[in-house]
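# Per-entry structural report
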Amino acid sequence: MKRLNCRDAGFDCEGVIRAETDEEVLKQASQHAGEVHGVTVTTEQAAQLRTLIKDEGIRNGVH
């Protein structure tokens, strides 16, 4: 599972986007940015956001 915290992208927002792939995270992040923050994500911004996506992996024995 992949995760992107909206706060990591520079917004004062507790939003967290989770999806199976980087591409799906970016798609959902773009929708969130438009709907919640009134921002259109450019190709360049999407490339920057991709660097902020984390792999949740296994924590405390839980997937």
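Before reading on, note that the structure itself is shown above.
Note that the coordinates shown come from a computational prediction; the quantities given were computed from them, not determined experimentally.

## Some thoughts on the sheet that holds strand β2 (residues 16-19)
One open sheet accounts for 3 strands, arranged β2-β1-β3; its pairing is antiparallel. Every interior strand has two partners, whereas the edge strands, β2 and β3 (54-55), have only one. Inspection of the sheet shows strand β1 (residues 2-5) paired to β3 by 2 bridges, in the antiparallel sense. Following the sheet pairing, Arg 3 is matched in β3 by Lys 54.

## Remarks on the nonpolar core
Counting residues in hydrophobic clusters, the biggest one holds 8 residues: Leu 4, Ile 17, Ala 19, Val 25, Leu 26, Ala 29, Leu 49 and Ile 53. If you list the elements that add at least two residues to this core, you get β2 and α1 (22-37). The leading source of residues in this core is α1, at 3 residues. Leaving out residues up to four positions away in the same chain, Ile 53 has contacts with Lys 2, Arg 3, Leu 4, Asp 22, Val 25 and Leu 26.

Criteria and cut-off values
Residues numbered from 1 in each chain as written. Predicted model: local features only at pLDDT ≥ 70, side-chain atom pairs only at ≥ 80, totals over all residues. Heavy atoms only, no water. Pairing = 2+ DSSP bridges. Helix = DSSP H or I, 4+ residues; strand = E, 2+ residues; numbered from the N terminus. Core = buried A, V, L, I, M, F, W, Y, C linked by side-chain atoms within 4.5 Å. Buried < 20%, exposed > 50% of the residue type's maximum accessible area, 1.4 Å probe, protein only. Contact = heavy atoms within 4.5 Å.

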